[in-house]
Amino acid sequence: MIVSALDHYIHEITRVGMLEVYDRKRPQTNASLRFQVTMEATMTGISKPSENDWFDREIRDKHGYQAFQHPDNIANAVRLFSSCELWRAVASELNLTDQDVKNRLRAIVNRRNQIVHEADLDPSYPGTGNRWPISPADVTSASDFIQDVCEAIHTVVN
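For every chain, the first residue of the written sequence is number 1, and numbering continues from 1 onward in sequence order. Residues qualify for local features only when their pLDDT is at least 70, as the model is predicted, and side-chain atom pairs are given and counted only at 80 or more; totals for whole chains, interfaces and linings, by contrast, use all residues. Neither water nor hydrogens contribute to the side-chain values; these are computed over all heavy atoms in the structure.

Caption draft 1: Fine view of the nonpolar core. In terms of nonpolar packing, the biggest core is built from 29 residues, with Ile10, Ile74, Leu86, Trp87, Val90, Leu105 and Ile153 touching the most fellow members. Put simply, the parts of the chain that give this core at least two residues each are α1 (2-22), α5 (71-78), α6 (86-94), α7 (98-117) and α8 (136-157). Among the elements that make up this core, the one with the highest residue count is α8 (nine residues). Nonpolar cores are built from buried Ala, Val, Leu, Ile, Met, Phe, Trp, Tyr and Cys residues. Side-chain atoms within 4.5 Å join them into one set. Buried, partly exposed and exposed residues are distinguished by accessible area as a fraction of the type maximum, computed with a 1.4 Å probe on protein chains only: under 20%, between the cut-offs, and over 50%, respectively. Grouped together as the second largest cluster of nonpolar side chains are nine residues, Met18, Phe55, Ile59 and Leu80 included. Working definition: helices are DSSP H or I runs of at least four residues, strands are E runs of at least two. Numbering for both runs from the N terminus.

Caption draft 2: Representation of the environment of Glu85. Structurally, the position occupied by Glu85 is in the loop between α5 and α6. Sequence separation of Glu85 and Val157 is 72 residues, and the distance between their C-alpha atoms is 9.7 Å.

Caption draft 3: Quick look at the pattern of salt bridges. Criterion for a salt bridge: a side-chain nitrogen of Lys or Arg within 4 Å of a carboxyl oxygen of Asp or Glu. Considering all chains together, one arrives at four salt bridges under this definition. Here Asp56 makes a salt bridge to Arg15, at a shortest N to O gap of 3.2 Å. A residue pair is termed long-range when its members are at least 10 positions apart, and Asp56 in helix α4 (residues 53-63) and Arg15 in helix α1 qualify at 41 residues. Glu20 is the partner of Arg26 in a salt bridge, and the nearest nitrogen-oxygen pair spans 2.7 Å. Exposure remark for Arg26: the relative accessible area of 16% places this residue in the buried category. A residue is classified by how much of its surface remains accessible, and Glu20, at 26% relative accessible area, is partly exposed. Taken together, the salt bridges that share partners define one network made up of Glu12, Arg15, Asp56 and Arg60.

Caption draft 4: Structural detail: α4. Restricting attention to buried positions, one finds in α4 the residues Trp54, Phe55, Asp56, Glu58, Ile59 and His63. If you follow the buried residues of α4, they end up packed against α1 and α3 (39-47). Here, two residues are considered to be in contact whenever any of their heavy atoms come within 4.5 Å of each other.

Caption draft 5: Spotlight on the packing of aromatic side chains. Each aromatic pair joins two rings of Phe, Tyr and Trp (for Trp, the six-membered one) with centres within 6.5 Å, and gets the label stacked for planes under 30 degrees apart, edge-to-face for over 60, and tilted for any other angle. Within the structure shown, the criterion is met by four aromatic pairs. Consider the rings of Trp54 and Phe55, whose centres lie 5.4 Å apart with planes at 50°: the pair is tilted. Pair check on accessibility: Trp54 and Phe55 agree, each one buried. Among the aromatic residues, those joined into a ring-pair cluster are Tyr22, Phe35, Trp54 and Phe55.

Caption draft 6: Examining the layout of surface pockets more closely. Note on definitions: the grid is 1 Å and covers protein atoms alone; a cavity is a set of points where a 1.4 Å probe fits but cannot get out; a pocket is an open set with protein on both sides within 12 Å along at least five of seven lines; lining residues have an atom within 4 Å of a point. Grid points are joined across faces, edges and corners, and a volume is the space filled by probe spheres set on the points. Of the voids in this model, the largest pocket is the one considered here, and its volume is about 400 Å³. Forming the boundary of the largest pocket are 17 residues, of which Ile108, Arg111, Ile115, Ile134 and Ala142 lie nearest the centre. For the lining of the largest pocket, the element with the highest residue contribution is α7, accounting for seven residues. In the lining of the largest pocket, the residues fall into 10 nonpolar, three polar and four charged. The volume enclosed by the second largest pocket comes to roughly 300 Å³. Lining the second largest pocket are Met18, Val21, Tyr22, Arg24, Arg26, Gln28, Ser32, Leu33, Phe35, Trp54, Phe55 and Leu80. In terms of residue count, the dominant contributor to the lining of the second largest pocket is α1 (three residues). Three classes are used: nonpolar for Ala, Val, Leu, Ile, Met, Phe, Trp, Tyr, Cys and Pro, charged for Asp, Glu, Lys and Arg, and polar for all others, with Gly counted as polar. Its residues placed into classes, the lining of the second largest pocket shows eight nonpolar, two polar and two charged.

Below, the structure is given as structure tokens:
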């Protein structure tokens, strides 16, 4: 569940950050300038330039099927509203290297995907139904790490 919470958090800070760019509360980024919108949304934006509801809907539509869980996807999302060097800055907040943060995050996301998409079964023993081992300490450690990452992201993008 913590990986889903991370995904939701990144979706929300990206949406809010992009709206702040649109409303000129944040500087534009190269990625924000390349964000594509439909012609329908463009026409609405032209007819109502002081409103951003159309842009909010467009962001939700464009990002609705994307997962912001892996480090590269998270960094790409953040670039839509911030020009910070995300993983370098997050790593600095956590007193780790950026590679350590990304590797640990990848491991947690991959483990979550084993649980969700592979029924958490160990494929090295086909047909036995043996599950991969996981302890309460593993869960707590992953949850604490994701929380720390989210808090660090919040600090560096604000």
